[in-house]
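What follows is the residue order along each chain.
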Amino acid sequence: MHEIAADNIDRVLTVEIRRPGVTRGFKSVLYDVARAAADGPLVLGAAGMLNGPPGRVGIVTGAAVPVHMPLGENDGPFGALVLAGALERIGHTVTIYTDPEVAGPMRVLIHRAGQAAATIELARGDARQQEDAAAASDILVAIERLGCNPNGHMYGMTANSRDGLRAKVGGMFAAHAALGRPSLGIGDGGNEIGLGSLRAELVRWLPHINQADKTPCGGGVFATTPTTRTVVGSTSNLAAYGVCAALALLRDDAALCHTPEEELALHHVGVGLGLADGGGGGIIAATDGIPAEANAATVLLMRAIVQCALLPERARAF
Amino acid sequence: MDATTCDSIDRLVAIEMRPGGGIPRGVIQPLYAAARAVQKQPLTFLAADGLRRHVGKGDRVLVVTGAGTPPWLPNGETDGPLGAAAIARALEVGLGAKPVLLAEQRNLAPVIAAAQAAGLAVVDAELFTQRTGCALALPLPLGGPAGQEAAEALFREHDPKAIVFVEKAGPNAKGLFHSLLGTSRTPDTMANAHLLAERAKAQGVFTVGIGDGGNEIGCGLILDAVREIQPFGRVSKNPEDGGIATVTTTDVLVFAAVSNWGAYGIAAALAGLLGRLDVLHDTDTKRRMLERCVEAGAMDGVEARLVPLVDGTSLGVQLGLITMLREIVSLSLRTIERGF
């Protein structure tokens, strides 16, 4: 019923707004690959998976880089916060898993939003913790969370190694899958948890983004960890907001949508908390180099799509 | 500015948001895909690049618009005038062109209001030749014979180097004009602006058509797709009238979710090609344009009311779109090395 609206939500959140110098020119391919592998609009499938009886949802996020982004970037945490809020609103209990560096800002964001999600700090190399997290989650969601390539290494989109900088969570998702439970991966590059579901096609169509020759191990940046469903966006935050918008469609509740006002506010709060713009590492009101106002405009358009779709049908008189 | 940027512009202006029960839903993507398949490159790039190559300082460009008829849209709708004003402004600011705005007399006041709100003084013919920052606005007569004479006169007097049609109805194979929902209109009730497109073709003048339904000038390029995809594409409400799909083609077709948005996309692409963000108007200007256009009598094409909507989309949506377009262009003009 909501396929048309969800399709357009998918499309608006994958409109690429990036400047030369950062990896660009591939979001449409990323989307086309993800969409071809799915059974319908990406956000709708994800929302359908989340739109169930109250349960336990684990959200894994966070991407810190010493010196450049010591407390992590804002892409991921904002999406996690907003999705957690929507999920709590529909009755789920949410736990957020992130690295110690990011946990502080994450807790402040949650507290500011009046949300109840607990924030658990991931310990590097702690397989038991990851198994416990998997067992404690009916649904597991990764938002802008790096995954390992076939050689077990994590890389940023610039082919710089991220090994040792944060916990590798592939084990959590493998344990979760072994329990037969559903998971969702949200990303914007191909090197994230969940994008492993698309890896073969991504390598085929985007070898220049995979950059196998530039990664020291030769395995490229694209991750291998699959999830049940995958949503891609211009940024992972926007993709997460798109899932919220699709939830709003399914539940006939536009209030589940993120708002442009809050998106603007989050950017400035994020600056105060030290969360970085992943586009350049600056502590500025931008995500992946996209200024807050443009992100807010995208959120507005997503919400407008939902609002239009939820209007009662009314025939035009002429 | 590169292909990625214009592809983003194309994608943005083709985002569909329509309530159910009114104008057809789920049609924009396939029709855009059809237009893209024929033209290969991003549509907004093709239009902007063509305008940049064909139009120089002091050249006159005809910008043709005006959609909607009495009784429901007696002074036309908001889709068309705003796009026309945006294009006219972009051409004047960016290329030093002299825009000549054309619409039926009944639709002209909102077009003038939108242009003036965009910063173009609409002046008389004498002043038009004496200064920049202005536009000429002329009524198009109704009907074929008068339209033929008008087309000849316009070419004779203005020697246009390009013509841009924004949400301007073109006839189907039977010579009938149509609303999107299949209501036919005889040529004597409309400006026959397609005659301008035909004359332009004969004389090698560059043309751009901007549409969002398939009944607009330019959409002849995707005739078969419109016939197949639009509910009334092949068969009108009156089954004998031949369907809404126009046969009129232009050199470039920009197909968008709202024709105004297609025009904004062209302005954005031109801004990028020229390396000048100011060629695309800002959000304050956009707000002013919509409000003044409605004050002058243009109605929303879905509600048929004097409200600041465009095909049912809110002022906020227009502003959001302009914000995103400006950022797409702005970022395309800057390079950064991330370094980590």
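Residues numbered from 1 in each chain as written. Chains lettered and ligands numbered in written order. Predicted model: local features only at pLDDT ≥ 70, side-chain atom pairs only at ≥ 80, totals over all residues. Heavy atoms only, no water.

Caption draft 1: Looking closely at the overall build of chain B. Looking only at helices and strands, chain B has 12 helices and nine strands in total. A compact globule built from 340 residues should have a C-alpha radius of gyration of about 20 Å, and chain B, at 18 Å, falls within 12% of that. When its C-alpha atoms are laid out on the principal axes, chain B stretches across 65 × 50 × 40 Å. The burial tally for chain B puts 65% of its 340 residues in the buried class. Sequence-distant contacts, at least 24 apart, represent 77% of the contacts inside chain B between residues at least 6 apart. (Helix = DSSP H or I, 4+ residues; strand = E, 2+ residues; numbered from the N terminus. Rg over C-alpha atoms; globule rule 2.2 N^0.38 Å. Buried < 20%, exposed > 50% of the residue type's maximum accessible area, 1.4 Å probe, protein only. Contact = heavy atoms within 4.5 Å.)

Caption draft 2: Layout of helix H11 (residues 260–273) of chain A. All names here are of chain A. Under the 1.5 Å per step criterion, the end-to-end length of H11 is 20 Å for 14 residues, consistent within 8% with the ideal 20 Å. Residues of H11 that are buried include every one of Pro260, Glu263, Leu266, His267, Gly270 and Leu273, and no others. The buried side chains of H11 occupy one side of the element, clustering within an arc of 135° when seen end-on. Away from its buried face by more than 90 degrees, H11 exposes Glu261 and Gly272. (Expected span 1.5 Å × (residues − 1). Arc of directions from axis to C-beta.)

Caption draft 3: Expanded view of the sheet that holds strand S4 (residues 139–143) of chain A. All names here are of chain A. Sheet architecture is open: six strands sit in the order S3-S2-S1-S4-S5-S6, paired in parallel fashion. Lying at the two open borders of the sheet, with one neighbouring strand each, are strand S3 (118–121) and strand S6 (229–232). The mean inter-strand angle of the sheet, taken between neighbouring strand axes irrespective of direction, is 20°. Taken together, the five bridges between strand S1 (residues 56–61) and S4 define a ladder with parallel strand orientation. By the bridge assignment for S4, Thr61 is matched with Ile143. Of the strands in this sheet, S4, strand S5 (183–187) and S6 are in contact with helix H10 (residues 236–250), which crosses S5 at around 135°. (Pairing = 2+ DSSP bridges. Axes fitted to C-alpha atoms, helices over the stretch in contact; angles between N-to-C directions.)

Caption draft 4: Geometry of the interface of chain B and chain A. Each side of the interface is counted separately: chain B has 45 residues, and chain A has 49 residues. Carbon and sulfur atoms make up 64% of the area that chain B and chain A hide from each other, which totals about 4,100 Å². At the junction of chain B with chain A, the criterion picks out one salt bridge. One salt bridge in this structure joins A:Arg314 and B:Glu303, with 2.9 Å as the shortest N-O distance. Seen at the junction of chain B and chain A, the total is seven residue pairs in polar contact (both at pLDDT 80 or more). Counting only elements with at least two residues in the side of chain B that touches chain A, the list comes to helix H1 (3–13) and helix H12 (315–332) of chain B. (Buried area = accessible area lost by both parts, 1.4 Å probe. Salt bridge = Lys/Arg side-chain N within 4 Å of Asp/Glu carboxyl O. Polar contact = N/O pair within 3.5 Å; in protein donor to acceptor, adjacent residues only side chain to side chain.)

Caption draft 5: Region of interest: the nonpolar core. In this structure, A:Ile59, A:Val141, B:Val208 and B:Ile222 are the most contacted members of the largest nonpolar core, which totals 174 residues. Once residues within four sequence positions are removed from consideration, A:Ile59 is found in contact with A:Ala80, A:Leu83, A:Ala84, A:Leu87, A:Val94, A:Thr95, A:Ile96, A:Tyr97, A:Val141 and A:Ile143. Judged by nonpolar contacts, the second largest core, of 22 residues, contains B:Val100, B:Leu102, B:Leu136 and B:Leu195. (Core = buried A, V, L, I, M, F, W, Y, C linked by side-chain atoms within 4.5 Å.)

Caption draft 6: Representation of the pattern of salt bridges in the model. Summed over the entire model, instances satisfying the criterion amount to 23 salt bridges over all chains. Between A:Asp138 and A:Arg56 there is a salt bridge; the shortest N-O distance is 3.0 Å. Of the two residues, A:Asp138 is situated in the loop between helix H6 (127–135) and S4 and A:Arg56 in strand S1; the sequence distance between them amounts to 82 residues. For A:Arg56, a relative accessible area of 35% corresponds to the partly exposed category. Through salt bridges that share partners, B:Asp7, B:Asp10, B:Arg11 and B:Arg36 make up one connected network.

Caption draft 7: Representation of the sheet that holds strand S9 (residues 252–255) of chain B. Residue and element names in this part refer to chain B. Taken together, the seven strands give an open sheet; going across it, the order is S3-S4-S2-S1-S5-S8-S9, and neighbouring strands pair in parallel fashion. Each edge of the open sheet is held by one strand with a lone partner, namely strand S3 (121–122) and S9. Looking at chain direction, strand S2 (residues 98–104) and strand S4 (residues 134–140) are connected through five bridges and run parallel. When the sheet's bridge partners are listed, Leu101 is paired in S4 with Ala137. Strands S2, S3 and S4 of the sheet are contacted by helix H5 (residues 105–117), whose axis makes an angle of about 145° with S2.

Caption draft 8: Summary view of H12(B). Between the first and last C-alpha of H12(B) there are 26 Å, a value that for 18 residues agrees with the 26 Å anticipated at 1.5 Å per step. Among the 18 residues in H12(B), 15 count as buried, and that is most of the element.

Caption draft 9: Spatial organisation of the pairing of strand S1 (residues 60–64) of chain B. Residues and elements named next belong to chain B. Of all the five residues making up S1, five are buried; the element is thus mostly covered by neighbouring parts of the structure. Going residue by residue along S1, you find Arg60, Leu62 and Val64 tucked away on one face and Val61 and Val63 tucked away on the opposite face as well. Where S1 meets S2, five bridges bridge the pair, whose relative direction is parallel. Paired with Arg60 across the two strands is Lys98, which belongs to S2. Here S1 pairs with strand S5 (residues 162–166) via four bridges, running parallel. Bridge assignment links Val64 to a residue of S5, and that residue is Phe165.

Caption draft 10: Representation of the side chain of A:His176 within the structure. All names here are of chain A. Residue placement: His176 occurs in helix H7 (residues 170–178). The exposure class assigned to His176 is buried, which follows from its relative accessible area of 0%. Sequence-distant contacts of His176, that is, excluding residues within four places in its chain, are made with Ala134, Ser137, Asp138, Ile139, Leu140, Arg181, Pro182 and Ser183.

Caption draft 11: Up close: the packing of aromatic side chains. Using the criterion set out here, one finds zero aromatic pairs over all chains in the structure. If you follow B:Lys98 out to its NZ or CZ, it ends over the ring of B:Phe128, 4.5 Å from the centre. (Phe/Tyr/Trp six-rings, centres within 6.5 Å; stacked < 30°, edge-to-face > 60°. Lys NZ or Arg CZ within 6 Å of the ring centre and 35° of its normal.)

Caption draft 12: Here's a closer look at the side chain of A:Asp188. Residue and element names in this part refer to chain A. Tracing the backbone shows Asp188 in the loop between S5 and helix H8 (199–205). Of the side chains bearing the opposite charge, Arg18 lies closest to the buried Asp188, which forms no salt bridge; the N-O distance is 4.1 Å. Ignoring sequence-local partners within four residues, the contact set of Asp188 consists of Arg18, Phe26, Lys27, Leu30, Asp75, Glu144, Gly233, Ser234, Thr235, Ser236 and Asp288. (Lys, Arg positive; Asp, Glu negative; His and termini not counted.)

Caption draft 13: Expanded view of the environment of A:Asp99. All names here are of chain A. Following the sequence through the fold, Asp99 ends up in the loop between strand S2 (93–98) and helix H5 (100–113). Distance from Asp99 to Ala63, taken between C-alpha atoms, is 7.9 Å for residues 36 residues apart in sequence. Once residues lying within four places of it in the same chain are set aside, the contact partners of Asp99 are Thr61, Gly62, Leu122, Arg145, Arg166 and Ala167.

Caption draft 14: Examining the packing of helix H1 (residues 3–12) of chain A against helix H3 (residues 42–50) of chain A more closely. Residue and element names in this part refer to chain A. Packing of H1 against H3 leaves a shortest axis separation of 7 Å and a crossing angle of 110°. Here H3 runs roughly perpendicular to H1, going by the angle between their axes. Here Glu3, Ala6, Ile9 and Asp10 of H1 lie close against H3, whose contacting residues are Leu42, Val43 and Leu44. The class makeup of the residues in the contact of H1 with H3 is five nonpolar, no polar and two charged. (Parallel < 35°, antiparallel > 145°, perpendicular 65-115°, else oblique. Nonpolar A, V, L, I, M, F, W, Y, C, P; charged D, E, K, R; others polar.)

Caption draft 15: Structural context of the confidence of the model for chain B. Per-residue confidence for chain B averages 96 on the pLDDT scale, and 100% of its residues sit at or above 70. Predicted as a complex, the structure gets a pTM of 0.96 and an ipTM equal to 0.95. (pLDDT = per-residue confidence, 0-100.)

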